[in-house]
Amino acid sequence: TVKGVIFDLDGVLVDTAIFHFQAWKQLANSLGFDFTEKQNEQLKGVSRIRSLELILAWGGISKTAREQELLANQKNSWYLDLVNKMKPGDTLPGAIELLTCLKENNYKIALGSASKNALLILERTGIVNFFDVIVDGNTVTASKPAPEVFLKGAKSLNIDSAKCLVLEDAQAGIDAARAAGMYVIGIGKYSGLTGANCLINNLNELLED
Ligand code: G16
Ligand code: MG
């Protein structure tokens, strides 16, 4: 039976994917090219620096490590301008209700995100206190689809991997959760996600019964 629930952040609890897309698009445009929403799907759950590598490859542009660092910083500052407008309650449908219900039923709750801005986002949207453990892009070295982020979450919760449920919206995240030996619910029924134990459209679907 499930004892711990590990939430992905972007696309599961908050709708920051659109902010990532806008900031990356602005960066690509400043370099003289564009990329599509379909390509953007491949950036979900993927670390900042890996995302930049993919985008530069799409634009056929090569940059030194130092230049890449500056570009990633530029994107992040545009991204943070958008995040800093978020307010308490700016969460995806069902998120606060599900977190509340899990807390009331004594499940342990962790965050398993690739983002280095995770804590700021949890604080701005007013949900940080639900979390027993936060594992994010600052604590993890191997990004999703590597299982590290979720294994660290389970370990910090002191719960066996096999007793953890992961909620994920990205293919890289579903692959990471499966590699960690966890049960995984994918968010996005028509998104082409594969390998999850089941797919739902939003967190409300977990509250219906
Ligand atoms: C999120 C997003 C990714 C983003 C990554 C790193 O992952 O899905 O698009 O590139 O975090 O974010 P940051 O630039 O803020 O460190 P997750 O795991 O929360 O879905
Ligand atoms: Mg996500």
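Keep in mind the model is a prediction, meaning the values are calculated, not measured. (Residues numbered from 1 in each chain as written. Chains lettered and ligands numbered in written order. Predicted model: local features only at pLDDT ≥ 70, side-chain atom pairs only at ≥ 80, totals over all residues.)

### Some remarks on the pairing of strand 5 (residues 183-187)
Of all five residues in strand 5, four are buried; the element is thus mostly enclosed. Alignment of strand 4 (residues 164-168) against strand 5, held across four bridges, turns out to be parallel. By the bridge assignment, Val 166 is partnered in strand 5 with Val 184. Following the chain from strand 4 across helix 8 (residues 171-179) to the adjacent parallel strand 5, one finds a crossover that is right-handed. (Buried ≥ 20, exposed ≤ 12 C-beta atoms within 10 Å, placed from the backbone. Helix = DSSP H or I, 4+ residues; strand = E, 2+ residues; numbered from the N terminus. Pairing = 2+ DSSP bridges. Right-handed = clockwise from strand over helix to strand, strands pointing away.)

### Quick notes on unusual backbone geometry
Cis geometry marks the peptide bond from Lys 144 to Pro 145; its omega dihedral reads 15 degrees. One can find Pro 145 in the loop between strand 3 (133-135) and helix 7 (148-157).

### A look at the nonpolar core
Nonpolar side chains in soluble globular proteins tend to end up buried together. Among the nonpolar cores identified, the biggest contains 54 residues, and Phe 7, Leu 9, Leu 13, Phe 150, Val 166 and Ala 177 are the most heavily contacted of them. The residues touching Phe 7, leaving out its near neighbours within four places in the chain, are Val 12, Leu 13, Leu 111, Gly 112 and Leu 167. (Core = buried A, V, L, I, M, F, W, Y, C linked by C-beta atoms within 7 Å. Contact = placed C-beta atoms within 7 Å.)

### Thoughts on the UniProt feature "binding site: Mg(2+)" (unreviewed entry) in the protein
Under the UniProt annotation, "binding site: Mg(2+)" (unreviewed entry) lies at Asp 8, Asp 10, Glu 168 and Asp 169. The greatest C-alpha distance among the annotated residues, which extend across 162 residues, is 8.9 Å, indicating that they converge on a single site. By secondary structure assignment, the location of Asp 8 is in the loop between strand 1 (4-7) and helix 1 (17-30). With 30 C-beta atoms counted inside 10 Å, the residue Asp 8 sits in the buried group. When near neighbours in sequence (up to four residues on either side) are disregarded, Asp 8 contacts Gly 45, Gly 112, Ser 113, Leu 167, Glu 168, Asp 169 and Gly 173. As for its placement among the helices and strands, Asp 169 is situated in the loop between strand 4 and helix 8. (UniProt positions renumbered as here; feature names shortened; annotations may be inferred.)

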